[in-house]
Amino acid sequence: MVSSCLLAVQSLTAQTLSIDSCYAMATRNFPLIKQYDLIEKSKEFTLSNAGKAYLPQVSLTAIEGYVFGGLPGGDGGKLQFIGIAQVNQTIWDGGATKTQKNIIQASAAVDKAAIDVSLHDLRARVNQLYFGILVIDEQQKQLDVQSAVLKNNLNKAKQLLDNGLAYKTDVDEIRVEQLKIDQKKTEFIYARSGYMSMLSYLIGTPLTAQTNLQKPLAAYSLEDTQIIRPELSLYKSQRNLVNALAEVQKVNMMPKLGLLGAGIMLAPGTSLGPDKISSIGVAGLSASWNISGLYKNSNEKQLSKLQLDKINVQEETFLFNTNFQLKQSSANIEKQKAILADDHEIVKLLQTVREGYQVKYESGVGTMIDLLNATEKEADARAQRALHEIQLLMTLYDFKTISGN
(Lines give C-alpha, C1' and ligand atoms only; values in the text may rest on other atoms or scores of the structure.)
Protein backbone atom coordinates (compact mmCIF):
# COMPACT_ATOMS: atom_id res chain seq x y z
CA MET A 1 0.00 0.00 0.00
CA VAL A 2 2.79 2.41 0.96
CA SER A 3 4.82 1.54 -2.15
CA SER A 4 1.82 2.17 -4.43
CA CYS A 5 1.29 5.58 -2.83
CA LEU A 6 4.96 6.45 -3.33
CA LEU A 7 4.78 5.41 -6.97
CA ALA A 8 1.69 7.56 -7.44
CA VAL A 9 3.42 10.58 -5.94
CA GLN A 10 6.57 10.00 -8.00
CA SER A 11 4.63 9.70 -11.23
CA LEU A 12 2.71 12.86 -10.40
CA THR A 13 5.77 14.93 -9.55
CA ALA A 14 7.58 13.70 -12.68
CA GLN A 15 4.84 14.81 -15.07
CA THR A 16 4.58 18.08 -16.94
CA LEU A 17 1.90 20.37 -15.55
CA SER A 18 -0.09 22.81 -17.65
CA ILE A 19 -1.41 26.12 -16.42
CA ASP A 20 -5.01 24.95 -16.94
CA SER A 21 -4.43 21.90 -14.76
CA CYS A 22 -2.98 24.19 -12.08
CA TYR A 23 -6.12 26.34 -12.27
CA ALA A 24 -8.29 23.27 -11.74
CA MET A 25 -6.20 21.84 -8.90
CA ALA A 26 -6.01 25.20 -7.11
CA THR A 27 -9.79 25.47 -7.26
CA ARG A 28 -10.31 21.95 -5.90
CA ASN A 29 -7.74 22.53 -3.15
CA PHE A 30 -9.09 25.88 -1.94
CA PRO A 31 -11.03 25.41 1.36
CA LEU A 32 -13.85 27.68 0.18
CA ILE A 33 -14.87 25.03 -2.37
CA LYS A 34 -16.39 23.03 0.48
CA GLN A 35 -19.10 25.66 0.87
CA TYR A 36 -20.72 24.53 -2.40
CA ASP A 37 -21.92 21.29 -0.78
CA LEU A 38 -22.93 23.11 2.40
CA ILE A 39 -25.02 25.61 0.45
CA GLU A 40 -26.67 22.84 -1.60
CA LYS A 41 -27.52 20.74 1.45
CA SER A 42 -28.85 23.76 3.33
CA LYS A 43 -31.01 24.63 0.33
CA GLU A 44 -32.42 21.10 0.14
CA PHE A 45 -33.35 21.04 3.83
CA THR A 46 -34.90 24.51 3.68
CA LEU A 47 -36.90 23.63 0.55
CA SER A 48 -38.11 20.47 2.26
CA ASN A 49 -39.33 22.49 5.23
CA ALA A 50 -41.06 24.99 2.96
CA GLY A 51 -42.84 22.16 1.13
CA LYS A 52 -44.40 20.97 4.38
CA ALA A 53 -46.56 24.09 4.65
CA TYR A 54 -49.46 22.19 3.01
CA LEU A 55 -49.33 19.31 5.52
CA PRO A 56 -52.08 19.29 8.18
CA GLN A 57 -51.11 21.39 11.18
CA VAL A 58 -52.24 19.87 14.50
CA SER A 59 -52.19 21.65 17.85
CA LEU A 60 -53.14 20.22 21.25
CA THR A 61 -53.74 22.24 24.40
CA ALA A 62 -54.47 20.84 27.89
CA ILE A 63 -55.64 23.04 30.80
CA GLU A 64 -56.17 21.90 34.39
CA GLY A 65 -57.38 24.76 36.55
CA TYR A 66 -59.97 26.29 38.78
CA VAL A 67 -62.93 27.77 36.92
CA PHE A 68 -64.44 30.90 38.42
CA GLY A 69 -68.07 31.73 37.72
CA GLY A 70 -69.32 30.00 34.61
CA LEU A 71 -71.99 30.14 31.99
CA PRO A 72 -75.56 31.13 32.93
CA GLY A 73 -77.25 28.07 34.40
CA GLY A 74 -73.96 26.24 34.44
CA ASP A 75 -71.68 25.03 37.16
CA GLY A 76 -68.89 27.35 38.29
CA GLY A 77 -66.28 27.71 40.91
CA LYS A 78 -64.71 24.26 40.60
CA LEU A 79 -61.56 22.46 39.47
CA GLN A 80 -61.91 21.46 35.80
CA PHE A 81 -59.90 19.92 32.93
CA ILE A 82 -60.20 21.48 29.49
CA GLY A 83 -58.69 19.81 26.40
CA ILE A 84 -58.54 21.63 23.06
CA ALA A 85 -57.50 19.99 19.76
CA GLN A 86 -57.26 21.91 16.49
CA VAL A 87 -56.45 20.76 12.93
CA ASN A 88 -55.73 23.22 10.10
CA GLN A 89 -55.34 22.16 6.48
CA THR A 90 -54.17 24.84 4.07
CA ILE A 91 -55.99 24.87 0.75
CA TRP A 92 -54.40 28.00 -0.72
CA ASP A 93 -51.80 30.17 0.97
CA GLY A 94 -51.82 32.96 -1.59
CA GLY A 95 -48.59 31.72 -3.17
CA ALA A 96 -46.55 32.00 0.04
CA THR A 97 -44.96 28.55 -0.25
CA LYS A 98 -44.01 29.01 -3.90
CA THR A 99 -42.53 32.43 -3.15
CA GLN A 100 -40.57 31.08 -0.20
CA LYS A 101 -39.08 28.33 -2.39
CA ASN A 102 -38.11 30.89 -5.03
CA ILE A 103 -36.37 32.99 -2.36
CA ILE A 104 -34.48 29.92 -1.09
CA GLN A 105 -33.32 29.05 -4.62
CA ALA A 106 -32.32 32.64 -5.40
CA SER A 107 -30.45 33.05 -2.11
CA ALA A 108 -28.47 29.84 -2.70
CA ALA A 109 -27.60 31.02 -6.21
CA VAL A 110 -26.23 34.30 -4.78
CA ASP A 111 -24.09 32.41 -2.25
CA LYS A 112 -22.67 30.13 -4.96
CA ALA A 113 -21.97 33.05 -7.31
CA ALA A 114 -20.08 34.82 -4.52
CA ILE A 115 -17.89 31.72 -4.13
CA ASP A 116 -17.28 31.66 -7.90
CA VAL A 117 -15.97 35.24 -7.66
CA SER A 118 -13.55 34.31 -4.88
CA LEU A 119 -12.34 31.21 -6.72
CA HIS A 120 -11.72 33.23 -9.89
CA ASP A 121 -9.19 35.32 -7.95
CA LEU A 122 -7.07 32.16 -7.60
CA ARG A 123 -6.19 32.39 -11.30
CA ALA A 124 -4.16 35.56 -10.69
CA ARG A 125 -2.18 33.80 -7.91
CA VAL A 126 -1.51 30.81 -10.15
CA ASN A 127 -0.37 33.13 -12.96
CA GLN A 128 2.19 34.88 -10.74
CA LEU A 129 3.75 31.66 -9.49
CA TYR A 130 3.49 29.69 -12.73
CA PHE A 131 5.05 32.35 -14.96
CA GLY A 132 7.59 33.21 -12.26
CA ILE A 133 8.86 29.63 -12.50
CA LEU A 134 8.87 29.79 -16.31
CA VAL A 135 10.99 32.94 -16.19
CA ILE A 136 13.52 31.14 -14.01
CA ASP A 137 13.52 28.10 -16.31
CA GLU A 138 14.19 30.27 -19.37
CA GLN A 139 16.98 32.14 -17.58
CA GLN A 140 18.56 28.81 -16.65
CA LYS A 141 18.44 27.71 -20.28
CA GLN A 142 20.25 30.88 -21.34
CA LEU A 143 22.87 30.27 -18.66
CA ASP A 144 23.38 26.79 -20.11
CA VAL A 145 23.95 28.34 -23.55
CA GLN A 146 26.43 30.81 -22.10
CA SER A 147 28.18 28.00 -20.21
CA ALA A 148 28.56 26.02 -23.42
CA VAL A 149 30.13 29.03 -25.17
CA LEU A 150 32.52 29.65 -22.26
CA LYS A 151 33.46 25.97 -22.11
CA ASN A 152 34.31 26.03 -25.81
CA ASN A 153 36.40 29.21 -25.34
CA LEU A 154 38.14 27.67 -22.33
CA ASN A 155 39.18 24.61 -24.34
CA LYS A 156 40.53 26.78 -27.14
CA ALA A 157 42.33 29.08 -24.67
CA LYS A 158 43.99 26.07 -23.07
CA GLN A 159 45.11 24.82 -26.49
CA LEU A 160 46.54 28.21 -27.34
CA LEU A 161 48.21 28.37 -23.93
CA ASP A 162 49.80 24.94 -24.46
CA ASN A 163 51.13 26.18 -27.80
CA GLY A 164 52.44 29.39 -26.23
CA LEU A 165 49.95 31.56 -28.13
CA ALA A 166 47.89 32.73 -25.11
CA TYR A 167 48.33 33.88 -21.55
CA LYS A 168 47.32 31.99 -18.42
CA THR A 169 45.24 35.03 -17.44
CA ASP A 170 42.99 34.28 -20.43
CA VAL A 171 42.14 30.89 -18.90
CA ASP A 172 41.64 32.48 -15.47
CA GLU A 173 39.30 35.13 -16.86
CA ILE A 174 37.11 32.45 -18.43
CA ARG A 175 37.08 30.48 -15.18
CA VAL A 176 35.91 33.59 -13.31
CA GLU A 177 33.00 33.98 -15.75
CA GLN A 178 32.12 30.29 -15.32
CA LEU A 179 32.03 30.69 -11.54
CA LYS A 180 29.78 33.72 -11.88
CA ILE A 181 27.39 31.65 -13.97
CA ASP A 182 27.47 28.88 -11.35
CA GLN A 183 26.49 31.46 -8.73
CA LYS A 184 23.55 32.63 -10.85
CA LYS A 185 22.44 29.03 -11.34
CA THR A 186 22.51 28.48 -7.57
CA GLU A 187 20.36 31.58 -7.05
CA PHE A 188 17.88 30.37 -9.64
CA ILE A 189 17.72 26.89 -8.09
CA TYR A 190 16.76 28.28 -4.69
CA ALA A 191 14.35 30.82 -6.18
CA ARG A 192 12.64 28.10 -8.23
CA SER A 193 12.40 25.88 -5.17
CA GLY A 194 10.62 28.65 -3.29
CA TYR A 195 8.16 29.28 -6.13
CA MET A 196 7.50 25.54 -6.52
CA SER A 197 6.84 25.23 -2.79
CA MET A 198 4.22 28.00 -2.93
CA LEU A 199 2.62 26.58 -6.08
CA SER A 200 2.55 23.12 -4.48
CA TYR A 201 0.72 24.55 -1.45
CA LEU A 202 -1.73 26.45 -3.66
CA ILE A 203 -2.71 23.45 -5.82
CA GLY A 204 -2.42 20.86 -3.02
CA THR A 205 -0.06 18.61 -5.01
CA PRO A 206 3.51 17.57 -4.15
CA LEU A 207 6.01 19.14 -6.56
CA THR A 208 9.75 18.65 -6.82
CA ALA A 209 12.65 20.14 -8.76
CA GLN A 210 11.95 17.53 -11.48
CA THR A 211 8.40 18.80 -12.06
CA ASN A 212 8.20 20.54 -15.42
CA LEU A 213 5.77 23.33 -16.24
CA GLN A 214 4.47 23.42 -19.78
CA LYS A 215 4.99 26.70 -21.61
CA PRO A 216 1.55 27.96 -22.68
CA LEU A 217 0.82 28.87 -26.27
CA ALA A 218 0.89 32.55 -27.19
CA ALA A 219 -1.85 32.13 -29.79
CA TYR A 220 -4.78 34.09 -28.36
CA SER A 221 -6.92 36.60 -30.21
CA LEU A 222 -7.76 39.83 -28.43
CA GLU A 223 -10.42 40.75 -30.97
CA ASP A 224 -14.09 40.62 -29.94
CA THR A 225 -13.23 39.44 -26.44
CA GLN A 226 -16.34 39.13 -24.29
CA ILE A 227 -16.33 39.61 -20.54
CA ILE A 228 -17.64 36.44 -18.90
CA ARG A 229 -16.49 37.03 -15.34
CA PRO A 230 -18.37 35.32 -12.47
CA GLU A 231 -19.22 38.77 -11.08
CA LEU A 232 -21.81 39.11 -13.85
CA SER A 233 -23.52 35.92 -12.67
CA LEU A 234 -23.43 37.30 -9.13
CA TYR A 235 -25.21 40.50 -10.18
CA LYS A 236 -27.82 38.46 -12.07
CA SER A 237 -28.40 36.24 -9.04
CA GLN A 238 -28.73 39.30 -6.79
CA ARG A 239 -31.39 40.74 -9.10
CA ASN A 240 -33.27 37.43 -9.06
CA LEU A 241 -33.20 37.47 -5.26
CA VAL A 242 -34.55 41.03 -5.09
CA ASN A 243 -37.38 40.08 -7.47
CA ALA A 244 -38.15 36.96 -5.43
CA LEU A 245 -38.30 38.98 -2.21
CA ALA A 246 -40.59 41.51 -3.92
CA GLU A 247 -43.12 38.72 -4.46
CA VAL A 248 -43.55 38.46 -0.68
CA GLN A 249 -45.39 41.79 -0.66
CA LYS A 250 -47.86 40.47 -3.25
CA VAL A 251 -48.37 37.31 -1.21
CA ASN A 252 -49.11 39.35 1.92
CA MET A 253 -52.03 41.02 0.13
CA MET A 254 -53.62 37.70 -0.86
CA PRO A 255 -56.34 35.93 1.18
CA LYS A 256 -55.62 32.49 2.65
CA LEU A 257 -58.05 29.57 2.53
CA GLY A 258 -58.07 26.39 4.56
CA LEU A 259 -60.04 23.70 6.35
CA LEU A 260 -60.46 23.97 10.10
CA GLY A 261 -61.36 21.28 12.62
CA ALA A 262 -61.51 21.84 16.39
CA GLY A 263 -62.64 19.84 19.40
CA ILE A 264 -63.04 20.74 23.07
CA MET A 265 -63.37 18.30 25.94
CA LEU A 266 -64.50 19.34 29.44
CA ALA A 267 -64.12 17.13 32.52
CA PRO A 268 -66.25 17.18 34.49
CA GLY A 269 -68.94 18.36 32.07
CA THR A 270 -70.43 21.81 32.29
CA SER A 271 -74.15 22.36 32.69
CA LEU A 272 -75.68 24.70 30.13
CA GLY A 273 -79.34 25.09 31.04
CA PRO A 274 -81.05 21.74 30.87
CA ASP A 275 -78.10 20.16 29.04
CA LYS A 276 -74.68 19.15 30.27
CA ILE A 277 -71.77 19.58 27.85
CA SER A 278 -68.64 17.43 28.13
CA SER A 279 -67.33 17.85 24.55
CA ILE A 280 -67.90 19.96 21.46
CA GLY A 281 -66.57 19.81 17.89
CA VAL A 282 -66.34 22.33 15.05
CA ALA A 283 -65.43 21.77 11.37
CA GLY A 284 -65.56 24.08 8.39
CA LEU A 285 -63.84 26.34 5.89
CA SER A 286 -61.54 29.08 7.16
CA ALA A 287 -60.57 32.26 5.34
CA SER A 288 -58.27 35.08 6.37
CA TRP A 289 -57.21 38.28 4.67
CA ASN A 290 -54.80 40.75 6.15
CA ILE A 291 -55.05 44.02 4.19
CA SER A 292 -52.21 45.78 6.02
CA GLY A 293 -49.94 44.94 3.05
CA LEU A 294 -51.97 47.32 0.89
CA TYR A 295 -50.72 50.28 2.91
CA LYS A 296 -47.05 49.46 2.27
CA ASN A 297 -47.31 48.11 -1.27
CA SER A 298 -46.26 51.32 -3.05
CA ASN A 299 -43.26 51.92 -0.78
CA GLU A 300 -42.14 48.30 -1.04
CA LYS A 301 -42.17 48.53 -4.84
CA GLN A 302 -40.02 51.65 -4.71
CA LEU A 303 -37.56 49.95 -2.31
CA SER A 304 -37.25 46.95 -4.64
CA LYS A 305 -36.63 49.27 -7.59
CA LEU A 306 -33.92 51.11 -5.65
CA GLN A 307 -32.21 47.81 -4.80
CA LEU A 308 -32.27 46.78 -8.46
CA ASP A 309 -30.88 50.17 -9.51
CA LYS A 310 -28.08 49.81 -6.96
CA ILE A 311 -27.12 46.39 -8.37
CA ASN A 312 -27.23 47.78 -11.93
CA VAL A 313 -24.87 50.62 -10.97
CA GLN A 314 -22.47 48.13 -9.36
CA GLU A 315 -22.52 46.03 -12.55
CA GLU A 316 -21.93 49.08 -14.77
CA THR A 317 -19.02 50.15 -12.57
CA PHE A 318 -17.52 46.67 -12.69
CA LEU A 319 -17.78 46.51 -16.48
CA PHE A 320 -16.27 50.00 -16.82
CA ASN A 321 -13.27 49.09 -14.64
CA THR A 322 -12.82 45.72 -16.32
CA ASN A 323 -12.86 47.23 -19.81
CA PHE A 324 -10.34 49.81 -18.65
CA GLN A 325 -8.05 47.04 -17.39
CA LEU A 326 -8.45 45.16 -20.67
CA LYS A 327 -7.43 48.23 -22.66
CA GLN A 328 -4.34 48.64 -20.47
CA SER A 329 -3.45 44.98 -20.85
CA SER A 330 -4.02 45.07 -24.61
CA ALA A 331 -1.68 48.08 -24.93
CA ASN A 332 0.99 46.24 -22.91
CA ILE A 333 0.67 43.21 -25.16
CA GLU A 334 1.23 45.27 -28.31
CA LYS A 335 4.22 47.01 -26.70
CA GLN A 336 5.77 43.72 -25.63
CA LYS A 337 5.31 42.23 -29.10
CA ALA A 338 7.18 45.18 -30.61
CA ILE A 339 9.99 44.90 -28.05
CA LEU A 340 10.26 41.16 -28.63
CA ALA A 341 10.61 41.68 -32.39
CA ASP A 342 13.65 43.88 -31.72
CA ASP A 343 15.03 41.32 -29.25
CA HIS A 344 15.34 38.71 -31.99
CA GLU A 345 17.34 41.09 -34.17
CA ILE A 346 19.55 42.22 -31.25
CA VAL A 347 20.43 38.62 -30.32
CA LYS A 348 21.21 37.80 -33.94
CA LEU A 349 23.56 40.80 -34.29
CA LEU A 350 25.31 40.27 -30.95
CA GLN A 351 25.86 36.61 -31.81
CA THR A 352 27.59 37.71 -35.01
CA VAL A 353 29.68 40.22 -33.04
CA ARG A 354 30.69 37.59 -30.49
CA GLU A 355 31.64 35.11 -33.23
CA GLY A 356 33.74 37.85 -34.84
CA TYR A 357 35.64 38.51 -31.62
CA GLN A 358 36.10 34.76 -31.22
CA VAL A 359 37.73 34.54 -34.65
CA LYS A 360 39.93 37.54 -33.79
CA TYR A 361 41.05 35.95 -30.53
CA GLU A 362 41.82 32.61 -32.16
CA SER A 363 43.77 34.48 -34.86
CA GLY A 364 45.79 36.30 -32.22
CA VAL A 365 44.57 39.78 -33.15
CA GLY A 366 41.96 40.09 -30.38
CA THR A 367 42.01 39.97 -26.60
CA MET A 368 40.19 37.63 -24.24
CA ILE A 369 38.56 40.51 -22.40
CA ASP A 370 36.96 41.72 -25.64
CA LEU A 371 35.67 38.22 -26.35
CA LEU A 372 34.27 37.86 -22.83
CA ASN A 373 32.57 41.24 -23.05
CA ALA A 374 30.97 40.26 -26.34
CA THR A 375 29.90 36.91 -24.87
CA GLU A 376 28.33 38.63 -21.86
CA LYS A 377 26.44 41.12 -24.02
CA GLU A 378 25.05 38.29 -26.15
CA ALA A 379 24.06 36.34 -23.01
CA ASP A 380 22.32 39.40 -21.54
CA ALA A 381 20.43 39.94 -24.79
CA ARG A 382 19.31 36.30 -24.85
CA ALA A 383 18.21 36.56 -21.20
CA GLN A 384 16.23 39.72 -21.97
CA ARG A 385 14.55 38.06 -24.95
CA ALA A 386 13.59 35.04 -22.82
CA LEU A 387 12.26 37.35 -20.10
CA HIS A 388 10.21 39.36 -22.59
CA GLU A 389 8.76 36.16 -24.10
CA ILE A 390 7.48 34.99 -20.71
CA GLN A 391 6.28 38.49 -19.83
CA LEU A 392 4.25 38.53 -23.04
CA LEU A 393 2.74 35.15 -22.18
CA MET A 394 1.91 36.32 -18.66
CA THR A 395 0.26 39.50 -19.96
CA LEU A 396 -1.79 37.42 -22.41
CA TYR A 397 -2.99 35.16 -19.62
CA ASP A 398 -3.66 38.14 -17.37
CA PHE A 399 -5.83 39.47 -20.20
CA LYS A 400 -7.69 36.15 -20.28
CA THR A 401 -8.09 36.22 -16.49
CA ILE A 402 -9.38 39.80 -16.49
CA SER A 403 -11.96 38.98 -19.19
CA GLY A 404 -12.89 35.66 -17.56
CA ASN A 405 -12.01 33.53 -20.59
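This text goes with the structure placed above it.
Residues numbered from 1 in each chain as written. Predicted model: local features only at pLDDT ≥ 70, side-chain atom pairs only at ≥ 80, totals over all residues. Heavy atoms only, no water.

Chemist: Summarise the overall build of the protein; cite the residues concerned and give the values.
Modeler: Across its full length, the protein holds nine helices and six strands. Buried positions account for 33% of the 405 residues belonging to the protein. Pairs at least 24 residues apart make up 83% of the contacts formed inside the protein by residues separated by at least 6 positions. If you sum the accessible surface of the protein, you get close to 24300 Å²; carbon and sulfur atoms cover 58% of it. (Helix = DSSP H or I, 4+ residues; strand = E, 2+ residues; numbered from the N terminus. Buried < 20%, exposed > 50% of the residue type's maximum accessible area, 1.4 Å probe, protein only. Contact = heavy atoms within 4.5 Å. Areas by Shrake-Rupley, 256 points an atom, 1.4 Å probe, with all protein chains shown as cover.)

Chemist: Describe the packing of helix H4 (residues 96–120) against helix H5 (residues 122–162), and please don't skip the residues or the numbers.
Modeler: With their axes 4 Å apart at the nearest point, H4 and H5 run at an angle of 10° to one another. Comparing the axis directions of H4 and H5 gives the class roughly parallel. Residues Ser118, Leu119 and His120 of H4 pack against Leu122, Arg123 and Ala124 of H5. Looking at side-chain class alone, the contact of H4 with H5 contains three nonpolar, two polar and one charged residues. (Axes fitted to C-alpha atoms, helices over the stretch in contact; angles between N-to-C directions. Parallel < 35°, antiparallel > 145°, perpendicular 65-115°, else oblique. Nonpolar A, V, L, I, M, F, W, Y, C, P; charged D, E, K, R; others polar.)

Chemist: Describe in detail empty space enclosed by the protein, supporting the description with residues and values.
Modeler: Counted according to the given criterion, the structure contains one cavity of 30 Å³ or more. One number sums up the size of the largest cavity: a volume of about 60 Å³. The wall of the largest cavity is formed by Gln142, Val145, Gln146, Val149, Thr375, Glu378, Ala379 and Arg382. Where the lining of the largest cavity is concerned, the elements lending two or more residues are H5 and helix H9 (368–403). Split by residue class, the lining of the largest cavity holds three nonpolar, three polar and two charged. (1 Å grid on protein atoms, 1.4 Å probe; cavity = no way out; pocket = protein on both sides within 12 Å on 5 of 7 lines; lining within 4 Å. Points joined across faces, edges and corners; volume = space filled by probe spheres on them.)

Chemist: Any details on the environment of Pro206? Residues and values, ideally.
Modeler: Residue placement: Pro206 occurs in the loop between helix H6 (168–203) and strand S4 (212–213). A residue is classified by how much of its surface remains accessible, and Pro206, at 39% relative accessible area, is partly exposed. When the C-alpha atoms of Pro206 and Met196 are compared, they prove to be 9.2 Å apart, with ten residues separating the residues in sequence.

Chemist: So what's going on with the packing of aromatic side chains? Residues and values would help.
Modeler: In this structure the tally under the stated criterion is three aromatic pairs. Relative to Phe131, the ring of Tyr130 lies with its centre 5.9 Å away and its plane at 75°, an arrangement referred to as edge-to-face. With relative accessibility at 0%, the residue Tyr130 sits in the buried group. Taken together, the ring pairs in this structure connect Tyr130, Phe131 and Tyr397 into an aromatic cluster. The ring of Tyr23 is capped by Arg123, whose NZ or CZ atom sits 4.1 Å from the centre of that ring. Stacked on the ring of Tyr357, the Lys or Arg Lys360 has its end atom at 5.2 Å from the ring centre. (Phe/Tyr/Trp six-rings, centres within 6.5 Å; stacked < 30°, edge-to-face > 60°. Lys NZ or Arg CZ within 6 Å of the ring centre and 35° of its normal.)

Chemist: Outline H6, listing residues and values.
Modeler: The end-to-end C-alpha separation of H6 is 52 Å, in line with the 52 Å expected for 36 residues at 1.5 Å each. Here H6 has its buried residues at Asp170, Val171, Ile174, Glu177, Gln178, Ile181, Arg192, Met196, Leu199, Ser200, Leu202 and Ile203. In the segment just after H6, Gly204 is the residue with positive phi, at about 70°. (Expected span 1.5 Å × (residues − 1).)

Chemist: How would you explain the nonpolar core if you had to name every residue and give the values?
Modeler: One finds Val126, Leu199 and Ile203 to be the most contacted residues of the largest nonpolar core, which totals 27 residues. Every element with two or more residues in this core is listed here: helix H2 (19–29), helix H3 (35–51), H4, H5, H6 and H9. Of all the elements, H5 adds the most residues to this core, at seven residues. Those residues within four positions of Val126 in sequence are excluded, and the remaining contacts are Ile19, Cys22, Tyr23, Ala26 and Leu202. Listed in part, the 13 residues of the second largest apolar core include Leu154, Leu160, Val171 and Leu371. (Core = buried A, V, L, I, M, F, W, Y, C linked by side-chain atoms within 4.5 Å.)

Chemist: Give a detailed account of the side chain of Glu177, specifying residues and quantitative values.
Modeler: As for its position among the elements, Glu177 is in helix H6. For Glu177, a relative accessible area of 16% gives the class buried. Apart from residues no more than four positions distant in its own chain, Glu177 is found in contact with Leu150 and Leu372.

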